[in-house]
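# Structure at a glance
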Amino acid sequence: MNVVVCVKQIPDPAAPPALDPGTKNLVREGKLILDDSDSYGVEMALQLADAAGGGEVTLVSMAPGGETSGLRTALAMGAAKAILVSDDVLAGTDALGTAKVLAAAVRRAEPDLVLAATESTDGYTGTTPVQMAELLGLPSITFAKKVEIEGSSVKVQRQTESGYDEVESPLPAVVTVTAGVVEPRYPSFKGIMATKSKSVETLTVADLGIETDQVGAAGSRQQVTEVADAEARTAGEIVVDEGDGAQRIIAFLEQLKVV
Amino acid sequence: MTVETVWVLAEVNDGAPISTSLELLTQARSLATTVEAVTYGDVTAEVAGTLGDYGATTVRNVGDLGGALPGVPVASAMAAAVTAGNGPDAVLFPATYDGRDVAARLSAKLDRPVLTNVVDLVEAEGGLASKHAIFGGSQVLTARFVDEGPALFVVRAKSFPAEPSGGGPAAVESLPVGQLGSSNAARIVDRHVEERSGPKLDEAAVVVSGGRGLGDADQYPLIEELARLLKGAAGASRAIVDAGWVPYSHQVGQTGKTVKPTVYLACGISGATQHLVGMKNSKNIVAVNKDQDAPIFSVADLGIVGDVHKVLPALIEGLKAKG
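What you are looking at is a predicted structure, and each value in this text was computed from that prediction instead of being measured. (Residues numbered from 1 in each chain as written. Chains lettered and ligands numbered in written order. Predicted model: local features only at pLDDT ≥ 70, side-chain atom pairs only at ≥ 80, totals over all residues. Heavy atoms only, no water.)

When helices and strands are counted, chain A shows 7 helices and 13 strands. Dimensions along the principal axes, computed over C-alpha positions, put chain A at roughly 60 × 45 × 40 Å. When the accessible surface of chain A is totalled, it reaches about 11300 Å², and 49% of it is carbon and sulfur. A gap of 4 Å separates the mean positions of the 21 positive and 37 negative side-chain charges of chain A. (Helix = DSSP H or I, 4+ residues; strand = E, 2+ residues; numbered from the N terminus. Areas by Shrake-Rupley, 256 points an atom, 1.4 Å probe, with all protein chains shown as cover. Lys, Arg positive; Asp, Glu negative; His and termini not counted. Charge placed at Lys NZ, Arg CZ, Asp CG, Glu CD.)

Listed below in structure tokens is the structure:
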């Protein structure tokens with residue numbers, strides 16, 4: 001049971017985000033970390049490989065500057081190895097271009113199952129895993145809240161508006177998991193030490209056989225024409241609770257005729 | 001009109017088109033000469049009537065999906081029409097679980113980019129431009145495609161009002177699916193409807209949401225009780241969904257539901273960018289948080305700087321006393 005987990009290394013979400021004034025792309029300088037949303041996929045993959053009685057968990061990531069700090073976190077959790085695509089020509093790549101790169105990298109790992117988060121925390125386009133599935137010619141099941149392997153099939157509880165659907169697919173398949181589905185383990189000291197000997201294969205776009213006009217800003221075929229301040233809300237009344245907080249809320253609701 | 005034809009993916013749930021699809025049809029009427037709906041499954045006269053009323057002249061129905069998830073078959077049918085030269089200038093998808101799947105599949109099939117998290121659509125330079133709320137909604141980014149081919153937009157719920165046009169029922173035509181490969185192998189084998197008391201999160205007039213400030217998962221029932229007393233729905237910040245306190249279906253924000261209730265009551269929520277995107281357009285916002293510098297207070301109409309563990313029980317008592 002070989003599982004690939006697509007992970008994104010993102011700027012710390014606690015730091016204020018910014019746009020490059022020229023390209024209007026998100027600034028992705030400084031240290032990148034493992035997107036929290038991806039820790040669930042990594043944990044899920046480790047549990048599924050365990051339950052299947054063996055197999056490897058391989059990470060696939062695309063990041064600028066040969067960044068591996070987020071990959072190290074996931075390797076310390078227990079993933080066996082990583083494939084990193086890092087190339088200057090990838091600056092400004094959109095979701096579809098990213099899917100092309102990830103699909104080519106995933107194909108090399110010959111997985112039985114590909115896991116990803118439903119969307120990243122920084123860009124949150126939410127389409128990349130399914131675009132990648134289409135390029136790989138694989139079925140996809142998004143918004144999984146429970147994933148089980150049964151023989152050569154994957155069984156998923158998929159979130160719906162009114163509850164969940166039970167969905168089954170033959171393997172290989174792409175599954176996206178929602179946050180909170182499993183509890184990601186903390187990397188142990190032993191796990192952290194072990195990452196030193198784990199392989200991170202770093203590839204360029206040319207290594208993957210992708211034409212450079214398919215990726216980067218040129219490949220994205222869309223442009224940001226304007227960034228403007230949104231209409232600000234008028235400042236409200238902010239008061240310190242002196243034991244009357246609840247009554248103030250009730251008075252506010254009464255005035256709106258909600259109660 | 002600068003745009004000739006726009007398709008809207010019309011999802012049908014419980015025998016009626018979902019509200020986001022009706023919102024998209026409404027907006028499409030002001031952008032395009034011809035508005036058509038694309039749907040799948042059984043199109044009843046009632047569904048065709050509603051879609052027509054909101055502006056679709058034609059419903060292109062992909063038909064029964066045989067238990068498959070909509071992503072592959074619906075995108076294949078759309079792609080076949082585009083390839084045959086019968087495609088639209090733009091396709092608008094609701095930002096739902098299935099809507100995103102169809103948009104992503106179609107994008108890869110046509111090798112066309114897709115713009116997601118759209119909150120407004122306007123005419124621009126002979127085509128359409130989309131607007132996106134970024135950085136917690138403090139800024140609005142405008143984007144457009146620079147290439148030929150159908151423009152694909154995934155639009156967030158409640159970006160537009162849904163207003164009937166008074167049009168007659170839409171004509172129903174089939175949108176045939178070609179050969180589907182092994183990518184169409186996922187099957188829905190069972191459906192579970194979770195019991196819900198009270199209104200749906202994205203339709204409720206009052207939403208009460210809890211966050212990390214509650215301190216512990218066993219405090220979340222305070223939120224549920226408050227929501228029940230206010231005949232509203234209980235929501236959550238991403239932090240407590242990630243922590244496993246409540247299911248994903250409760251999540252309000254960038255990665256969750258967009259809500260626009262009459263009153264949004266944020267309890268122990270700091271107001272991270274991620275959360276503000278999903279609720280800042282609520283008509284009235286009340287926030288309770290012990291940190292007076294919490295960003296949630298920047299959007300609150302009434303902010304109580306205080307301890308949720310004191311304010312919420314008092315609020316529940318006070319509401320009960322009112323009867």
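From this point, the narrative continues.
Time to look at the overall build of chain B. Secondary structure summary: chain B contains 8 helices and 18 strands in total. Rg of the C-alpha trace for chain B: 21 Å, near the compact-globule value of 20 Å for 323 residues, within the 12% margin. Dimensions along the principal axes, computed over C-alpha positions, put chain B at roughly 65 × 45 × 40 Å. Expressed as a percentage of its 323 residues, the buried residues of chain B come to 60%. Nonlocal contacts in chain B, meaning residues at least 24 apart in sequence, comprise 66% of its contacts between residues at least 6 apart. (Rg over C-alpha atoms; globule rule 2.2 N^0.38 Å. Buried < 20%, exposed > 50% of the residue type's maximum accessible area, 1.4 Å probe, protein only. Contact = heavy atoms within 4.5 Å.)

All right, on to the sheet that holds strand β7 (residues 114–118) of chain B then. Residues and elements named next belong to chain B. With parallel pairing, the 7 strands of this open sheet are ordered in space as β7-β11-β6-β1-β4-β5-β12. Sheet topology places β7 and β12 (171–174) at the edges, where each strand pairs with a single neighbour. Put simply, the sheet's adjacent strands are angled 25 degrees from each other on average, direction ignored. For strand β4 (residues 32–39) and strand β5 (residues 58–61), the ladder comprises 4 bridges, and the chain directions are parallel. Its bridge partner being in β5, Glu36 is matched across the sheet by Thr58. The strands touched by helix α4 (residues 97–110) are β1 (3–9), β6 (90–94), β7 and β11 (151–155); relative to β6, the strand with the most contacts, the crossing angle is about 150 degrees. (Pairing = 2+ DSSP bridges. Axes fitted to C-alpha atoms, helices over the stretch in contact; angles between N-to-C directions.)

Once that is clear, we can look at helix α3 (residues 95–109) of chain A. For α3 of chain A, built from 15 residues, the straight-helix expectation of 21 Å at 1.5 Å per residue is met to within 8% by its first-to-last C-alpha distance of 21 Å. Taking burial as the measure, the 15 residues of α3 of chain A include 12 buried ones, the bulk of the element. Taken as a whole, α3 of chain A has its buried residues at Ala95, Leu96, Gly97, Thr98, Ala99, Lys100, Val101, Leu102, Ala103, Ala104, Ala105 and Val106 of chain A. Of the surrounding secondary structure, the elements contacted by the buried residues of α3 of chain A are β1 (3–6), β4 (57–62), β5 (81–85), β6 (113–117) and α4 (128–136) of chain A together with α4 of chain B. (Expected span 1.5 Å × (residues − 1).)

Attention shifts here to the interface of chain B and chain A. Contacts between the two partners involve 81 residues from chain B and, on the opposite side, 78 residues from chain A. When chain B packs against chain A, the two sides together hide about 7200 Å² of surface, and 56% of this comes from carbon and sulfur. The largest per-residue losses of area from chain B upon contact with chain A belong to Tyr97, Arg100 and Arg105 of chain B, which jointly make up 10% of the total buried on that side. Taken together, chain B and chain A are joined by 13 salt bridges. Note that Arg221 of chain A and Asp147 of chain B form a salt bridge whose closest N and O atoms lie 3.7 Å from each other. (Buried area = accessible area lost by both parts, 1.4 Å probe. Salt bridge = Lys/Arg side-chain N within 4 Å of Asp/Glu carboxyl O.)

Before going further, it helps to spend a moment on the domain arrangement of chain B. Accessible area lost upon the coming together of the parts serves often as the stated size of an interface. Residues and elements named next belong to chain B. On domain assignment, one finds that chain B holds domain 1 (3–184) and domain 2 (206–322). Counting from both sides, the interface comprises 7 residues of domain 1 and, opposite them, 12 residues of domain 2. Between domain 1 and domain 2, the buried area comes to about 780 Å², and carbon and sulfur atoms account for 47% of it. Contact with domain 2 buries area across many residues of domain 1, yet Gly136, Arg156 and Lys158 alone supply 64% of it, more than any other trio. Connecting domain 1 to domain 2 are 0 salt bridges. (Domains from an automatic or database assignment.)

Before going further, it helps to spend a moment on the packing of aromatic side chains. Counted under the stated rule, the structure contains 3 aromatic pairs over all chains. Residues Phe143 of chain A and Tyr97 of chain B carry aromatic rings whose centres are separated by 4.5 Å and whose planes lie at 70 degrees to one another, so their mutual orientation is edge-to-face. Here the residue Phe143 of chain A occupies a position in strand β7 (residues 140–150), and Tyr97 of chain B occupies one in helix α4, the pair thus bridging two chains. With a relative accessible area of 10%, Tyr97 of chain B lands in the buried category. With a centroid separation of 5.9 Å and an interplanar angle of 45 degrees, the aromatic rings of Phe143 of chain A and Tyr248 of chain B are classed as tilted. Taken together, the residues span two chains, with Phe143 of chain A in strand β7 and Tyr248 of chain B in the loop between α6 (238–242) and β16 (263–267). Side by side, Phe143 of chain A and Tyr248 of chain B carry an identical accessibility label, which is buried. Connected via pairs of aromatic rings, a cluster forms that spans Phe143 of chain A together with Tyr97 and Tyr248 of chain B. (Phe/Tyr/Trp six-rings, centres within 6.5 Å; stacked < 30°, edge-to-face > 60°.)

Take the nonpolar core next. With 38 residues, the main nonpolar core has Val5, Leu59, Leu115, Val147 and Val175 of chain A as its most contacted residues. The element that contributes the greatest number of residues to this core is helix α1 (residues 36–51) of chain A, accounting for 7 residues. In this structure, Val147 of chain A is in contact with Met44, Leu48, Val154, Lys155, Val156, Val175 and Val177 of chain A, ignoring residues within four places of it in sequence. Leu222, Ile223, Val286 and Val288 of chain B belong to the second largest nonpolar core, which has 36 residues in total. (Core = buried A, V, L, I, M, F, W, Y, C linked by side-chain atoms within 4.5 Å.)

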